[in-house]
Amino acid sequence: MLKDCLFAATLWFVAVYATAAQATLPELEWCLDDYPNRHHYPDQGSPYGPTVDFMFELARRADIQLRFSPNTPFARCVRLMEQGKTDLMVRLKTSAERERFMFMLPFAEAQAEILVLHKDSPDITTLAELNRLNLIVIRGYTYHSEMINIIARHPRSIVVDSIDIGLQMLLMNRGDALVTDADYFYRRTHDKPEYQDQLKLASLSFEEAEPHFMHLALSKASPHAHLKARLEQAIASMIADGLMDSFTDN
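The paragraphs below set out a description of the structure included in this document. (Residues numbered from 1 in each chain as written. Predicted model: local features only at pLDDT ≥ 70, side-chain atom pairs only at ≥ 80, totals over all residues. Heavy atoms only, no water.)

## With respect to the overall build of the protein chain
Here is the rule: Elements are defined by DSSP. Helices are runs of H or I of four residues or more, strands are runs of E of two residues or more, and each kind is numbered from the N terminus. We call two residues in contact when some of their heavy atoms are within 4.5 Å. Using a 1.4 Å probe, the Shrake-Rupley method yields the accessible areas, and only the shown protein chains count as cover for residues.
Within the protein chain, the secondary structure is distributed over 11 helices and 10 strands. When contacts within the protein chain are restricted to residue pairs at least 6 apart in sequence, those whose partners lie at least 24 apart make up 73%. Total accessible area on the protein chain is roughly 13400 Å²; 54% of this is exposed by carbon and sulfur atoms.

Structure representation (structure tokens):
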């Protein structure tokens, strides 16, 4: 009887201690939307997917609690980060503007941009061929440095406000090619399968000699901005343990 009581008391103590320890951990909000293939945000229930798994493992190693934002469009998340009204974003490319108000912590190599064509268009294999086209680019999108140079030198660039507008312009033959991110493109074709039948990828590769990275972003205006080093250490330990491929591959 005494043994059972001591065992029950031990379990109670462990539970109370674990609850108290959890309560003392800093709680950071991750601002996110629904992003098929990466993180799904269903109307009912919690987000799930490889990026969510990554963020929970990061939180465990950094000794923080993770809180999901409501399903929030990307551009609004960026504004909230600037204002310090949310704490974290993930899978961002860096830029001078973003680094002004976010700590950008690299964790995995980013894919190069892709060139999207109408299915009836001839293939594009060289930059010389690209220069003859009306090239659609997306306003506010963070392109890799060499891609920025290509766009700046291009004689006929068309700037649009979103990838959806760019894809529709391709379908209506109001532009010849769209430069975008593979994740963005596959996300849209997931949402609208008709794109798969009407569009194709060019053979031209934009791979660069120097790697580019995806980043975990921490708001510099966040009350938890002082946790930057702790998050960096957690990322370094995940890389050292060879975990990144399982979180970043499609």
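## Looking at unusual backbone geometry
Short version of the rule: Exposure classes here rest on a 1.4 Å probe applied to the protein chains alone. A residue is buried below 20% of its type maximum, exposed above 50%, and partly exposed in between.
Even without a glycine there, the phi angle at Arg 91 is positive, about 65 degrees. Considering the arrangement of structural elements, one finds Arg 91 in strand E3 (residues 88–92). One non-glycine residue, Asn 173, adopts positive backbone phi at about 60 degrees. Here Asn 173 shows up in the loop between helix H7 (163–171) and strand E8 (177–181). Classification of Asn 173 as exposed rests on a relative accessible area of 60%.

## Examining the state of the cysteines
The line we're drawing: Throughout, a disulfide means two cysteine sulfur atoms within 2.5 Å of one another.
Here the structure, examined in full by the defined rule, presents 1 disulfide. Shown here is the disulfide that connects Cys 31 with Cys 77, its sulfur atoms set 2.1 Å apart. Of note, the bridge from Cys 31 to Cys 77 carries an S-S torsion of about -80 degrees and is left-handed in sense. With Cys 31 in strand E1 (residues 27–32) and Cys 77 in helix H3 (residues 74–83), this pair connects stretches of sequence that are 46 residues apart.

## Comments concerning helix H8 (residues 182–191)
Buried residues of H8: Ala 182, Asp 183, Phe 185, Arg 187, Arg 188 and Thr 189, and no others. Its buried side turned inward, H8 meets E3, strand E5 (113–118), H7, E8, helix H9 (194–198) and strand E9 (199–201).

## Points about the nonpolar core
Where a protein is soluble and globular, its nonpolar side chains tend to be buried together. This is how the line gets drawn: For this analysis, a nonpolar core means a set of buried residues of the types Ala, Val, Leu, Ile, Met, Phe, Trp, Tyr and Cys, connected via side-chain atoms within 4.5 Å.
Counting residues in hydrophobic clusters, the biggest one holds 31 residues, and the most contacted among them are Leu 115, Val 116, Ile 124, Leu 130, Tyr 143, Leu 167 and Leu 178. Listed by contribution, the elements that provide at least two residues to this core are E5, strand E6 (135–138), helix H6 (145–153), H7, E8 and H8. Beyond its immediate sequence surroundings of up to four residues, Val 116 is in contact with Leu 167, Leu 170, Asp 176, Ala 177, Leu 178, Thr 180, Phe 185, Leu 199, Lys 200 and Leu 201. Core analysis: the second largest hydrophobic core is formed by 28 residues, Trp 30, Met 55, Leu 58 and Leu 105 among them.

## Thoughts on the pattern of salt bridges
Condition: Within this document, salt bridges are pairs made up of a side-chain nitrogen of Lys or Arg and a carboxyl oxygen of Asp or Glu, the two lying within 4 Å of each other.
Applying the stated rule across the entire model yields 12 salt bridges. Between Arg 100 and Glu 82 there is a salt bridge, with its nearest N and O atoms 2.5 Å apart. Placement of Arg 100 in helix H4 (residues 96–101) and of Glu 82 in helix H3 is noted, with a sequence separation of 18 residues between them. In the salt-bridge network here, residues are joined through shared partners; they are Glu 57, Arg 60, Arg 61 and Asp 241.

## Some words on the pairing of E8
Note the following rule: Pairing between two strands is assigned when DSSP locates at least 2 bridges connecting them.
When you tally the buried positions in E8, you get 5 out of 5 residues, the bulk of the element. Residues Ala 177, Val 179 and Asp 181 of E8 are buried on one face, and the alternating residues Leu 178 and Thr 180, pointing to the opposite face, are buried as well. One ladder, built from 5 bridges, connects E5 with E8; its direction is antiparallel. Following the sheet pairing, Val 116 is matched in E8 by Leu 178. With 2 bridges connecting them, E6 and E8 associate as parallel partners. Residue pairing for E8: Leu 135 is matched across the bridge by Ala 177.

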